[in-house]
Amino acid sequence: MKGFKFAGICAGIKKSRSLDLGLIYSEKPASAAALFTQNQVVAAPVILGRKIMQKGMLQAILVNSGNANCFTGAQGIAHAEQCVEFVAKALRIDPEHVLVSSTGVIGAPLPIDKIEAKIPQAVRSLDSCTIADFAGAILTTDTCTKMVSRNGTINTSGNTSGEEKSFTVMGVAKGSGMIRPDMATMLSYIVTDADISSSLLKQALTHAASRSFNRITVDGDTSTNDTLVCMANGAGQAVIDNDESFGVFQAVLDEVCYELAKKVVKDGEGATKVASITVKGALTQQDAFAAAEAIAHSPLTKTAIYGQDPNWGRITAAAGRSGATVDQNKMDLYFGDILLVQNGQWQGKGAEEKAAEIMKKDEISIVLDLNLGDGQDQFLFCDFSENYVKINADYRS
C-alpha cells in the first residue's frame, strides 16, 4: 500500500512467545476515523483513543495482543499514554497523531517495560515487515489472520472521456470470541491511499460498519476493547470530493468491511459453519433487525446448525420473542432454496430431508419472510460446538 508501512514483532507479552506487538505507520499524517465499543466497561486505550480521534488525524497505530489493559484504573491510562509517547518519540511524529489499541486478558497490568524495550525494534521492522506480520501480531484466540484488499477507480470529470484515478482499500481484523454487534465487536484497521476528508471518512466508515461489523455475532458478547479505525493518507491519485467519487469509495469500503466481518465469523471460537439469516417482509426495518438479531444470537439456533438439524421451530420462536411484529400464520422459512415452512405450516418430511442436506454445507443461508411489509435485514453468525466451551474455559490457563 502506497505511503503505509507495517510491522509485527514479539515483545514477550504472550506466554506463547508469538507475535504480539503490531505497528502501522503512514509516511505523512492521514485523515482518520474510528468507531469504538458501546460497552460501558471500556479499556484504557479506548478511553484515550476517543480523545485522540476528535481531531481526525493519525500517523501511527500501535496494537498489542495478550493484554487488554482494561480494568486497570489510572495506571492503565498512564500506560496507554506512555505507549503513545514511546511511538511518537521513536518515529519523531506528533503524539496527537498516535493511536494505541490492546487486546487480550482483562484486569492484568500492561507489561509496559516490555513494550517500551521493543518499540525501537518495531520501528526498525517497518522496512522489512508486511501487513501480514501486523495482522499476525494482533491475534488472540484467532486461528488465522484476516486480511482483505480491494481496488476502486473514479472518473475525474464524471463522464466516460474523463481521466480515471485508482485507489486501494486494505484492511486487517482480529476477532474470534466476544463478538456481538455494538461496534466494533473486534479490532480492525483499514488503510487507503485515497484522498478523503476525515468527516467524509467517518461517514463512510459508519455506514460500512452498520452493514458488516454491526451485523455479525459469534457468542453475543460485546468486548471492552472493540475498535475500528480507517486511515486515508492521500498518497494515491484518487480524490474523494463529490457524490460520485464518494459512492465508489463507499462501495469498496463496504466490501472490505463485509469480507473482514465474514472472516471473523468464520473464525469464531469453535465454529464449524457460517450462517446468514435474512429476515424480509417485516413491518419495519427495525422489526427485521430485531428478528434477525434474535435468531442469530440464539444458542438453540446455533447448536441446531452445528448438529446439521433444520430445526425450524427454534428460528420461528426466536423471531416471535424478538419484539418484532410477527404473525405465525404468515411466516415462510427457507433453508437455502428449500421452502420448509409456508404460511406457518411445515412442508413435510420430504422438504425437511432436503433442508437437512443444505445443513451439511460449510456456509448456510436461511431466509425468514414475515410477509407483513417491506422491512429487511441480515446477520452473519456461526454455530456453537463443544470447542467453544473448551476454548473459553481454558482462556486464562
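Residues numbered from 1 in each chain as written. Predicted model: local features only at pLDDT ≥ 70, side-chain atom pairs only at ≥ 80, totals over all residues. Heavy atoms only, no water.

The chain is annotated in an unreviewed UniProt entry as Arginine biosynthesis bifunctional protein ArgJ of Desulfobacter postgatei 2ac9. Under the Subcellular location (unreviewed entry) heading, UniProt states for the chain: "Cytoplasm". In the Function (unreviewed entry) part of its UniProt record, the chain is described as follows: "Catalyzes two activities which are involved in the cyclic version of arginine biosynthesis: the synthesis of N-acetylglutamate from glutamate and acetyl-CoA as the acetyl donor, and of ornithine by transacetylation between N(2)-acetylornithine and glutamate." (UniProt positions renumbered as here; feature names shortened; annotations may be inferred.)

Asks: Go over the environment of Leu-205, please, and point to the residues and values.
Replies: Among the secondary structure elements, Leu-205 is positioned in helix α5 (residues 198-210). Judged by relative accessible area, Leu-205 falls into the buried class, the value being 0%. Remark: the alpha-carbon pair of Leu-205 and Cys-257, spanning 52 residues in sequence, is separated by 8.8 Å. Apart from residues lying up to four places away in sequence, Leu-205 is in contact with Ala-33, Ala-34, Leu-35, Ile-190, Leu-228, Cys-230 and Leu-253. (Helix = DSSP H or I, 4+ residues; strand = E, 2+ residues; numbered from the N terminus. Buried < 20%, exposed > 50% of the residue type's maximum accessible area, 1.4 Å probe, protein only. Contact = heavy atoms within 4.5 Å.)

Asks: Residue-level account of the side chain of Thr-192, with values.
Replies: Mapping Thr-192 onto the fold places it in strand β7 (residues 187-192). A distance of 3.1 Å separates a polar side-chain atom of Thr-192 from the backbone nitrogen of Ala-194. (Polar contact = N/O pair within 3.5 Å; in protein donor to acceptor, adjacent residues only side chain to side chain.)

Asks: Hey, could you go over the environment of Val-87 for me, with residue numbers and the actual values?
Replies: Topologically, Val-87 is positioned in helix α2 (residues 73-91). Residues Val-87 and Pro-120 lie 33 residues apart in sequence; the distance between their C-alpha atoms is 8.4 Å. Not counting chain neighbours up to four residues away, the residues in contact with Val-87 comprise Leu-23, Ala-60, Leu-62, Val-98 and Ile-119.

Asks: An account of the pairing of strand β3 (residues 57-67) is requested, with residue identities and associated values reported.
Replies: By the criterion of burial, β3 is predominantly enclosed, with 9 of the 11 residues buried. The sheet contact formed by strand β2 (residues 21-36) and β3 spans 7 bridges and is antiparallel. Its bridge partner being in β3, Leu-21 is matched across the sheet by Asn-64. (Pairing = 2+ DSSP bridges.)

Asks: So, the domain arrangement of the chain: which residues are in play, and what are the values?
Replies: According to the domain assignment, the chain contains domain 1 (4-267) and domain 2 (274-394). Of note, the centres of domain 1 and domain 2, computed from C-alpha atoms alone, are 32 Å apart. With 15 residues of domain 1 at the contact, the number on the domain 2 side is 17 residues. Between domain 1 and domain 2, a total of about 1,400 Å² is buried, with carbon and sulfur atoms accounting for 59% of that surface. Applying the counting criterion to the domain 1 and domain 2 interface returns 3 salt bridges. In this structure, the salt-bridge partner of Arg-211 is Asp-377, at a minimum N-O distance of 3.6 Å. There are 6 residue pairs in polar contact (both at pLDDT 80 or more) connecting domain 1 and domain 2. Mapped onto the side of domain 1 that touches domain 2, the elements with two or more residues apiece are β8 (216-217) and α6 (243-266). No other element matches the 4 residues that α6 contributes to the side of domain 1 that touches domain 2. (Domains from an automatic or database assignment. Buried area = accessible area lost by both parts, 1.4 Å probe. Salt bridge = Lys/Arg side-chain N within 4 Å of Asp/Glu carboxyl O.)

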